[in-house]
4 protein chains.
Amino acid sequence: VRSTKSSRFHDMLGAAARSGTLARIAGVHDGLSTMIAERACMDGLWASGLGISTVNGLPDAGLLTMTELAATVACIRRCSALPLIADCDAGFGDVNVVQRMVRLFEDAGADAVCIEDKQYPKRNSFLDDQVLEDVDAFAYKIWAAKNAQCSDDFAVIARLESLIAGHDVDEALQRAEAYLAAGADALLIHSKSADVEEISEFVRRARAMSCAQPIFVVPTTYYRATTETLAALGVTAAIYANQLLRASMTAMVNVLSVLERDCCTTRIEPDIASVHSVLDICGTQKLLSTVAPRHQEDHAGRSGDSGDDR
Amino acid sequence: VRSTKSSRFHDMLGAAARSGTLARIAGVHDGLSTMIAERACMDGLWASGLGISTVNGLPDAGLLTMTELAATVACIRRCSALPLIADCDAGFGDVNVVQRMVRLFEDAGADAVCIEDKQYPKRNSFLDDQVLEDVDAFAYKIWAAKNAQCSDDFAVIARLESLIAGHDVDEALQRAEAYLAAGADALLIHSKSADVEEISEFVRRARAMSCAQPIFVVPTTYYRATTETLAALGVTAAIYANQLLRASMTAMVNVLSVLERDCCTTRIEPDIASVHSVLDICGTQKLLSTVAPRHQEDHAGRSGDSGDDR
Amino acid sequence: VRSTKSSRFHDMLGAAARSGTLARIAGVHDGLSTMIAERACMDGLWASGLGISTVNGLPDAGLLTMTELAATVACIRRCSALPLIADCDAGFGDVNVVQRMVRLFEDAGADAVCIEDKQYPKRNSFLDDQVLEDVDAFAYKIWAAKNAQCSDDFAVIARLESLIAGHDVDEALQRAEAYLAAGADALLIHSKSADVEEISEFVRRARAMSCAQPIFVVPTTYYRATTETLAALGVTAAIYANQLLRASMTAMVNVLSVLERDCCTTRIEPDIASVHSVLDICGTQKLLSTVAPRHQEDHAGRSGDSGDDR
Amino acid sequence: VRSTKSSRFHDMLGAAARSGTLARIAGVHDGLSTMIAERACMDGLWASGLGISTVNGLPDAGLLTMTELAATVACIRRCSALPLIADCDAGFGDVNVVQRMVRLFEDAGADAVCIEDKQYPKRNSFLDDQVLEDVDAFAYKIWAAKNAQCSDDFAVIARLESLIAGHDVDEALQRAEAYLAAGADALLIHSKSADVEEISEFVRRARAMSCAQPIFVVPTTYYRATTETLAALGVTAAIYANQLLRASMTAMVNVLSVLERDCCTTRIEPDIASVHSVLDICGTQKLLSTVAPRHQEDHAGRSGDSGDDR
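Residues numbered from 1 in each chain as written. Chains lettered and ligands numbered in written order. Predicted model: local features only at pLDDT ≥ 70, side-chain atom pairs only at ≥ 80, totals over all residues. Heavy atoms only, no water.

All chains considered together, the criterion is met by 68 salt bridges over all chains. Linking A:Glu269 and B:Arg246 is a salt bridge whose minimum nitrogen-to-oxygen distance equals 3.0 Å. You can see A:Glu269 sitting in the loop between helix 11 (243–262) and helix 12 (275–281) and its partner B:Arg246 sitting in helix 11 (residues 243–262), one on each of two chains. Since its relative accessible area comes to 4%, B:Arg246 is described here as buried. Each member of the salt-bridge network shares a partner with another, and the members are A:Asp87, A:Glu116, A:Lys118, A:Arg159 and A:Glu161. (Salt bridge = Lys/Arg side-chain N within 4 Å of Asp/Glu carboxyl O. Helix = DSSP H or I, 4+ residues; strand = E, 2+ residues; numbered from the N terminus. Buried < 20%, exposed > 50% of the residue type's maximum accessible area, 1.4 Å probe, protein only.)

Set out below in structure tokens:
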């Protein structure tokens, strides 16, 4: 319920810290991936910009608008009560846009937004060089975001792109300090390395500088690092940002290539969910009878059916 | 492009008829499944009510609104130029709603809508008996739909639920006749049998009654029937309505169970699409450089890059 | 802020009761009418089905979907913290739709929904006779709505159409009793009479039957009744449902007829709001400078500007 | 219908040119203002950024997303077949965003988009100085827009902000030349002067430089200039961008101040549209009977009712 919503994000991180592990966060892109993540007992949800752009048929290059993203975030929230972080790119515009953004995502049911320190409008990383935002300008965005939130417990995560843009850990740490001073509740250190060395150095030195805030990582390229390894480095949470999307893409390609070859789907039937399990994950069995009971007391007997409907 | 849009639906069916095969239509639920279907050379697209409800986290029980469905149909259209049929349940309301519906889906870029002859509001088939709509009332809906379309070539498909609701082929044929008389452009005969016997009887007798209109089938339960078998029966098109959805569900469940067991995603990496192929399917490589050329003539040299961008 | 949201509806009615007056509620149809109602110190807001259908270009005949209405309700909520009631016609479908509806409107920021006891799908009142819903079926909808809400303080208002459909006050009172027994938090008694006689009889007899719940009225046809008169009858709140819409319609027609006659807008300039006052009501002057301050301490000095931004 | 849509924009301007007058275009912000403009025989529609931001409760400062704007444009299109121009600020982002924008607005039913040569993200003109976009960068946006359109007849209007930003007519003419060379179909010269002197000079000199393209103006501040005066200067079309919005704002404020003073709405009843005229403008009388006719031949008799429903 609403009244407990606000502490979900901090509770997730606190629980992970107390148990000596890290929080495992699933990157989701729609209601189905969300329901699957919840059933798999993930600790939280990441409304992935890449994932949500892709299921909208758009390259992840600043083309999806913040209201389109917020609509999917609202859908994700309706499907799960897990802590939910919205991946908000560079914040979709200037500080006033960032303030509107925070309110939109808070209203949509997100517990946190994550914004990254790339220049806006997004440069297309496949044709041009990545350019980082000026550190003061990005700190100002962080400050604007924090000043726009309604609930005290809403969180703003500053995502550091230094290591992606060719800078070193020193540069990332300087930015981290500025963003935390501006009010960031947590850091996300991004890396495209195949191993955890630069992540490890960043976390170790940040902790040494007495940074107590949560640190998020995204093990897409360094997927060999286990959650234990990452937790031991001092990482607070790992975001598995796009594996669900990528798995579903391969599975769908396979279905149609079997159909092409066999002219029927017999061979893939054992490998795909039944229609019944699709209906089941959506809560079809919790639907009320559409026939009205004749007497009011009948309602009482039914209330158990819908009591935990959300 | 717009100007050729209107004949896509009839062209697809004509091409299949001339080649002695049937049209293969992929049930899709978002932009990604659409792009995959297009790359796999499917003949057409079915914007699946079950699929789109599910990715919105909703049971397929009349809960998704027609404007939510139309928004996904517009997204699907932006991702592909294939013939596109929108699965519109029982039409979302009375005849006036049906007329608004036709305009909404035509504007969204659909080439056809399919409406089914179940009572509206939808009875929940898991708690109650299926009840068919009165035949005149449903014929009136078909008539209203046909009178609302703007483009001459927009099509209305009448979906027959007789065999699902426990009636026989006679009853289905009587309804088929009434719906065609009211203006339906095509029929969809639905069956939950594991074999094609009742479908076969329906198609044979319909053709004997000189029904020349296209007949669609949905081989979900009788998946062993090949496209050749179905074409030989006289079926015009087969809709693979939910296999992409079901495959993606299983694939996503698998990812998270590997992560749970292994504490990392190493083992599933070979089985999931690369980030690069996700970017590729969205057309990332077709993006323009964000840096303005200094002289206008530079534009000309670039136009080839975006010429076929859609 | 969210945490105090839930009691807004009951606080509004309590305040009116304590002061011996009734609550005055403005029917609004978009963000601008909402901001105007708030500045005019109205006590609450009614997201009008007629108004919102009209600004969407649709007849008020069950054509607007509940998600379209909910999108406007979310916009209204972003513009004002006043108590907000959503006018939800007959509930947009069966009991399962009603349960989804309640969650959608609660998420959209409404404090209450109002549903009416007409049959669904809505009969077109200009061509057919009005038909009331079966009393048990409607009571079941009320019960379903109450069981779907998340916040304890969310309210469900049962709107009685008996007097519109040609029934008498006895019939309305019997229905009122059944709806309150099913959990309705308040009643709305609708009348198209030019005077308050039937409203007066209904309220007097309901109070005599010890109905303590709030009673709402809509003085569209009996506009001569003052708020004092209505309060003296025992009415709790009056909804001025469509006067803002109707006034704006006449004003816009006038502008274009002056332009037609004069070939310029000089003559109406004194009678229309300035561009400055349009910018002002939207909070343009509260926007942040888009230039980042060089030092973090600058932010502190600015926080006063945006402190009450919502 | 779709097939004639594409030439609406050019037809409107051609008709005005042949008759020696200019086209009068109404700034609209929703479906109601659109239906009023159509009934008043305006020549075209301007989906106003200021108007649509305002009815969404947002300052006109780059906060409304392009998908929010496109949703309103689609609503406007559903209400009228008049030529429709979407006011797209600075294009909402980089050239790739501009290309997505063109497709979105073409799909939404617009005949043209207008983009302005201010820097993006939009600078807040009330706190900061206006800064124009680099001329080559903006020409590149124009080129990108023209290369993204599907229909040959879709138009891109380049809006010149030189005179607003403190530059002179020379600067505006240089920009005009570059934008036309990049493919702009028309120019919009903006001015905040109280008279037509600078507009007059711009148009005269542009025509002397053999600019044959349509030139639009927005007589908000120089409202004393009649359409005859403007036509005589060589202006092709005048956009009355925000008068409908401003008139409705004043009218709504008046309603609530009368209610406050009188405690009832009696005094304003003669000055506001009747409920009947609200229903009438939405086409309520064209709704079909919801009762199905018993025989198909009945449908034929009804088709006249809905034949011109759009």
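Residue and element names in this part refer to chain D. You can see histidine 190 is positioned in the loop between strand 6 (186–189) and helix 9 (197–208). Using a relative accessible area of 15% as the deciding quantity, one classes histidine 190 as buried. Only 3.4 Å separates the side chain of histidine 190 from the side chain of arginine 159, close enough to count as a polar contact. Setting aside anything within four residues of it in sequence, one finds histidine 190 in contact with Arg159, Leu160, Glu161, Leu163, Ile164 and Val218. (Polar contact = N/O pair within 3.5 Å; in protein donor to acceptor, adjacent residues only side chain to side chain. Contact = heavy atoms within 4.5 Å.)

Turning chain C through 180° and shifting it by 0.0 Å along the axis lays it on chain B, with an RMSD of 0.0 Å. Each copy turns onto its partner about a two-fold axis. It is C:Thr65 whose C-alpha, among those of chain C, lies nearest the rotation axis, at 3.2 Å. Here 100% of the interface residues in chain C have copies in chain B that are interface residues too; the copies meet face to matching face. (Least-squares fit on C-alpha atoms with pLDDT ≥ 70 in both.)

Often, the extent of an interface is quoted as the loss of accessible area on bringing the components together. Taken residue by residue, the interface counts 75 residues in chain A and 75 residues in chain B. When the buried surface of chain A facing chain B is broken down by residue, A:Arg246, A:Met249 and A:Met252 rank first, second and third, together holding 10% of it. Across the chain A-chain B interface, the total number found is four salt bridges. Here A:Glu260 and B:Arg24 are joined by a salt bridge, their closest N and O atoms 3.1 Å apart. Here chain A is connected to chain B by 14 residue pairs in polar contact (both at pLDDT 80 or more). (Buried area = accessible area lost by both parts, 1.4 Å probe.)

Between chain C and chain B, the contact holds 16 residues from the first and 16 residues from the second. At the boundary of chain C with chain B, total buried surface from both sides reaches about 1,300 Å², with 57% on carbon and sulfur atoms. Ranking the residues of chain C by area buried against chain B places C:Leu63, C:Arg100 and C:Pro121 at the top, with a combined share of 36%. Remark: the boundary between chain C and chain B carries two salt bridges. Among the salt bridges present, the one from C:Glu68 reaches B:Arg100, with a minimum N-O distance of 2.8 Å. For the side of chain C that touches chain B, the secondary-structure elements that each account for two or more residues are helix 5 (66–79) and helix 6 (95–107) of chain C. Across the side of chain C that touches chain B, the residue classes break down as eight nonpolar, four polar and four charged. (Nonpolar A, V, L, I, M, F, W, Y, C, P; charged D, E, K, R; others polar.)

All names here are of chain A. Of the two faces of strand 3 (residues 84–87), the one carrying Leu84 and Ala86 and the one carrying Ile85 and Asp87 are both buried. Bridge count for strand 2 (residues 44–47) against strand 3 is three bridges, and the pairing is parallel. Looking at strand 3, one finds that leucine 45 is bridged to leucine 84. When strand 3 meets strand 4 (residues 112–116), the two strands line up parallel, connected through three bridges. Bridging from a neighbouring strand, alanine 86 pairs with valine 113 of strand 4. Note that the unit made of strand 3, helix 6 (residues 95–107) and strand 4 has a crossover that is right-handed. (Pairing = 2+ DSSP bridges. Right-handed = clockwise from strand over helix to strand, strands pointing away.)

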